[in-house]
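These are the residues of each chain, in order.
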Amino acid sequence: MVSFDRKLYTFTEQHVKDLLSYDAKDRARYSKDDHLKLLLTASLVNGFAEGVSKSLNNSPTGETLLSYIKGQDLTALQNTFDKLIEQNVKTLSVQCNDICPLLVQTHVSASN
């Protein structure tokens, strides 16, 4: 498998997997997880899906992935994307609320 940070891959996978709103066909050779693996790996190494597909074991071609992605319902994709953005904004807001008071305290104590 192509080398990159496993933590980054896992984090990205958790936050992106819902964007693939299609189901793999019943008799499809590759699962939706295989499609996601190809998509994320190509994205994280800034590569082309076709080239990355050849470096992965048991992976759909870039053409197959593109075909599935193009076949997604646009409205469902937009709704899923909006929901993911909203969840991430909420998560960041909570994290900021936890961190920002510490930053202010640090700044105030440093200026005294």
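Scroll up to find the structure.
Residues numbered from 1 in each chain as written. Predicted model: local features only at pLDDT ≥ 70, side-chain atom pairs only at ≥ 80, totals over all residues. Heavy atoms only, no water.

> Help me out: how do you make sense of the packing of helix H1 (residues 6-16) against helix H2 (residues 32-44) in this one?
When two helices pack together, their arrangement is given by the angle between the helix axes and by the axis-to-axis distance. Relative orientation of the contacting elements H1 and H2 amounts to 125 degrees, with a least axis distance of 11 Å. Compared by their axis directions, H1 and H2 come out oblique. Taken as a pair, H1 and H2 cross one another with a handedness that is right-handed. Counting all contacts with H1, which are made through Leu8, Tyr9, Thr12, Glu13 and Val16, the residues of H2 involved are Leu36, Lys37, Leu40, Thr41 and Leu44. Looking at the contact of H1 with H2 residue by residue, the classes come out as 6 nonpolar, 2 polar and 2 charged. (Axes fitted to C-alpha atoms, helices over the stretch in contact; angles between N-to-C directions. Helix = DSSP H or I, 4+ residues; strand = E, 2+ residues; numbered from the N terminus. Parallel < 35°, antiparallel > 145°, perpendicular 65-115°, else oblique. Left-handed = near helix turned anticlockwise from the far one by under 90°. Contact = heavy atoms within 4.5 Å. Nonpolar A, V, L, I, M, F, W, Y, C, P; charged D, E, K, R; others polar.)

> What should I look at first to understand unusual backbone geometry in this one?
Apart from glycine, the bulk of residues carry a negative phi angle, and the bulk of peptide bonds sit in the trans form. Notably, Asn46 is not glycine yet its phi reads approximately 55 degrees, a positive angle. Residue placement: Asn46 occurs in the loop between H2 and helix H3 (49-55). Even without a glycine there, the phi angle at Asn58 is positive, about 55 degrees. Looking at the secondary structure, you find Asn58 in the loop between H3 and helix H4 (62-70). Of the residues examined, Asn58 reaches a relative accessible area of 53% and is grouped as exposed. (Buried < 20%, exposed > 50% of the residue type's maximum accessible area, 1.4 Å probe, protein only.)

> It is not clear to me how the environment of Asn88 should be interpreted in this structure. Could you clarify?
Residue position: Asn88 is located in helix H5 (residues 74-111). Spatially, the C-alpha atom of Asn88 lies 8.6 Å from that of His15, the residues being 73 residues apart in sequence.

> Looking at this structure, how should I read the nonpolar core?
Formed by Tyr9, Leu20, Tyr22, Leu36, Leu38, Leu40, Ala42, Val52, Leu56, Leu65 and Tyr68, the largest nonpolar core amounts to 11 residues. The set of elements that each furnish at least two residues to this core consists of H2 and H4. Among the elements that take part in this core, H2 stands out by supplying 4 residues, more than any other. (Core = buried A, V, L, I, M, F, W, Y, C linked by side-chain atoms within 4.5 Å.)

> What am I meant to see in the packing of H2 against H4 here?
Running from N to C, H2 and H4 cross one another at 105 degrees; their axes reach a closest spacing of 10 Å. The orientation of H2 with respect to H4, classified from their angle, is roughly perpendicular. Judged by residue contacts, His35, Leu38 and Leu39 of H2 engage Gly62, Thr64, Leu65, Tyr68 and Ile69 from H4. By residue class, the composition of the contact of H2 with H4 is 5 nonpolar, 3 polar and no charged.

> Help me understand H2 in this model?
Each turn of an α-helix holds 3.6 residues, which means side chains three or four residues apart point in the same direction. Look at H2: 18 Å from first C-alpha to last across 13 residues, which is about the 18 Å you get at 1.5 Å a residue. Turning to H2, its buried residues are Asp34, His35, Leu36, Leu38, Leu40, Thr41 and Ala42. Looking at the buried side of H2, the elements it contacts are H1, H3 and H4. Just downstream of H2 lies Asn46, where phi reads positive at about 55 degrees. (Expected span 1.5 Å × (residues − 1).)

> In this structure, what is going on with the packing of aromatic side chains? I would like to understand it.
Working definition: an aromatic ring pair is given by the centre-to-centre distance plus the angle between the planes. Taken as a whole and assessed by the stated rule, the structure comprises 1 aromatic pair. A centroid spacing of 4.9 Å and a plane angle of 35 degrees characterise the contact between Tyr22 and Tyr68, whose relative ring orientation is tilted. You can see Tyr22 sitting in the loop between H1 and H2 and its partner Tyr68 sitting in helix H4, a full 46 residues away along the chain. Of the two residues examined, Tyr22 and Tyr68, each falls in the buried class. Here the guanidinium or amino end of Arg6 rests over the ring plane of Tyr9, the centre of that ring lying 5.1 Å away. Seen from the ring of Tyr22, Lys32 lies directly overhead, with NZ or CZ sitting 5.9 Å from the centre. (Phe/Tyr/Trp six-rings, centres within 6.5 Å; stacked < 30°, edge-to-face > 60°. Lys NZ or Arg CZ within 6 Å of the ring centre and 35° of its normal.)

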